[in-house]
Amino acid sequence: GHVARGIETWALDLAEGLARYAAEPELEVALFAAAPVFDAKALPDPAASASNPTGACGEMLRQASVFEKRNPGEGIRSFPVEIVPCLKRGAKAARLLARLMPGFAWRWGLKSVYGIEQATFARGLIRLLRKSPADIVHTQDVVLARHLAAAARRGIVDCRVVLAHGTDEAPEALRGIPYVQHLAPCHKAELAPRLPDARQQFVLPNFVDADTFAAVGEHARLRLRAMFHVPPDALAIGFSGALKREHKRFDALIREVAAAVVGGRNLFLLAAGAQCADTDELAALAEQALPRHHVLKRDVPFGDMPNLYRAMDLYAHPAAEEFFGISLLEAMACGVPVVAHASPVLQWIVGDAGWSADVTQAGFLCRILDEPDFHRQLEQRGRAARARIENEFARETVVPQIVELYRSVLSP
């Protein structure tokens, strides 16, 4: 489902955004997708494989095909999806290889199935880059960036490697990567002095498609609320993300909404997320704590997400540790004010589009709801949310800055 995000989603969104950027006619975009070794042999050509792809690679092929069909005759260039065979982390061969690797192989990340997946993907990608050189490879995977940067230093490939640092890695993990894109000013302030190998460092956030994620009129909104079984007079508290305790703290949000309902407030929890190991337990908790006051949607397709946000009144993000938070951008783009933890990065994202609170403290939601002018602020901050997206995080705002980043990286 869409709400189970990852590097593949980021790469596909970036490829689509760059393909739409008509102001740079010489910009050519290719998307590299990993496929299991045996699948890759069976699917030698992306065009031939689009009818029966599998896994994340198959999803990329499908979405690229949909993108091309959705934009015929609009002057928007399509982009090829290049298949890179590798040992996927779930393969028996990868697990066996990880067990057989000597102890010192941890230095290269080869004692884990993830490291083996990325090392074999990097090897396949390097072969492709030697045949079809690229000026820049932009990735959000630290291990892949290190492999490619090492190959570039040795003259095996001739490309600049840009890492979009989207995971909370230690500075040591970024060693040797020459170009680093930080997703927020606070991340650069913290890491920049500790990355002596980086030639250039930039601050550019993730972006959202503000055409797909947008508000609708009140009549359409009421229809959507009815479709999701939200009572017309209830305040709909929304959530989007992995349905689990760890990190996302969905259980904490269930308890917050339940406490507000017990206190006499007319609230309704509208949640959507990826199925996780403890999702069934959390669904039972919601059923017990919020009977008739919640809807829980699992593995929601991408196309349904904008309508889900549009049915919300307030989006609550209960994670106390978040490196960025793309779901906040999606909710804000739909004109929904947000509540997020009072960490530097989330405060920067939210700005005047919602409330910052210590989400680890019980009662944080009720304290916001009890503010004297809450309903006026709800409407005002909803308008501010959309404006903040358009000014800071919309695709049309960020992609031109990414192109400028590329120009800077390529300049002598």
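Quick summary incoming for the structure in this document. (Residues numbered from 1 in each chain as written. Predicted model: local features only at pLDDT ≥ 70, side-chain atom pairs only at ≥ 80, totals over all residues. Heavy atoms only, no water.)

### As for the overall build of the protein chain
In terms of helices and strands, the protein chain carries 17 helices and 12 strands. Relative to its 412 residues, the protein chain shows a buried fraction of 50%. Considering only contacts in the protein chain between residues 6 or more positions apart, those separated by 24 or more positions represent 67%. Summed over all atoms, the accessible surface of the protein chain reaches about 19400 Å², with 53% contributed by carbon and sulfur. (Helix = DSSP H or I, 4+ residues; strand = E, 2+ residues; numbered from the N terminus. Buried < 20%, exposed > 50% of the residue type's maximum accessible area, 1.4 Å probe, protein only. Contact = heavy atoms within 4.5 Å. Areas by Shrake-Rupley, 256 points an atom, 1.4 Å probe, with all protein chains shown as cover.)

### Some words on the sheet that holds strand β11 (residues 338-341)
Pairing in this open sheet of six strands is parallel, and the strands run β9-β8-β7-β10-β11-β12 from one edge to the other. Looking at which strands have only one partner, the edges of the open sheet turn out to be β9 (294-298) and β12 (354-357). For this sheet the average axis-to-axis angle between neighbouring strands, irrespective of direction, equals 20 degrees. Pairing of strand β7 (residues 235-240) with strand β8 (residues 267-273), which is carried by six bridges, proceeds in the parallel orientation. For Ser-240, the partnering residue across the bridge sits in β8 and is Ala-272. (Pairing = 2+ DSSP bridges. Axes fitted to C-alpha atoms, helices over the stretch in contact; angles between N-to-C directions.)

### Comments concerning a positive patch on the surface
There is a patch of like positive charges on the surface, built from Arg-146, Arg-153, Arg-154, Arg-175 and Arg-199. Inspection of the secondary structure puts Arg-146 in helix α7 (residues 142-153). (Patch = residues over 30% accessible without salt bridge, like charges linked within 9 Å, V, L, I, M, F, W, Y side chains within 5 Å. Salt bridge = Lys/Arg side-chain N within 4 Å of Asp/Glu carboxyl O. Lys, Arg positive; Asp, Glu negative; His and termini not counted. Charge placed at Lys NZ, Arg CZ, Asp CG, Glu CD.)

### Section: the packing of helix α6 (residues 113-131) against α7
For the pair α6 and α7, the least separation of the axes is 9 Å and the interaxial angle reads 40 degrees. What the angle tells us is that α6 and α7 run oblique. At the point where α6 passes α7, the crossing takes the right-handed sense. On α7, the residues that touch Tyr-114, Gln-118, Ala-119, Phe-121, Ala-122, Leu-125, Ile-126 and Leu-129 of α6 are Val-143, Leu-144, His-147, Leu-148 and Ala-151. When the residues that make up the contact of α6 with α7 are grouped by side-chain class, the tally is 11 nonpolar, two polar and no charged. (Parallel < 35°, antiparallel > 145°, perpendicular 65-115°, else oblique. Left-handed = near helix turned anticlockwise from the far one by under 90°. Nonpolar A, V, L, I, M, F, W, Y, C, P; charged D, E, K, R; others polar.)

### Digging into the packing of helix α1 (residues 7-19) against helix α17 (residues 395-410)
Following both chains from N to C, one finds α1 and α17 inclined at 85 degrees, their axes separated by 10 Å at the closest point. One finds that α1 runs roughly perpendicular with respect to α17. Residues Leu-14, Gly-17 and Leu-18 of α1 lie in contact with α17, whose contacting residues are Arg-395, Val-399, Ile-402, Val-403 and Tyr-406. When grouped by side-chain class, the residues that make up the contact of α1 with α17 number six nonpolar, one polar and one charged.

As far as function goes, none of this settles anything; it's purely spatial.
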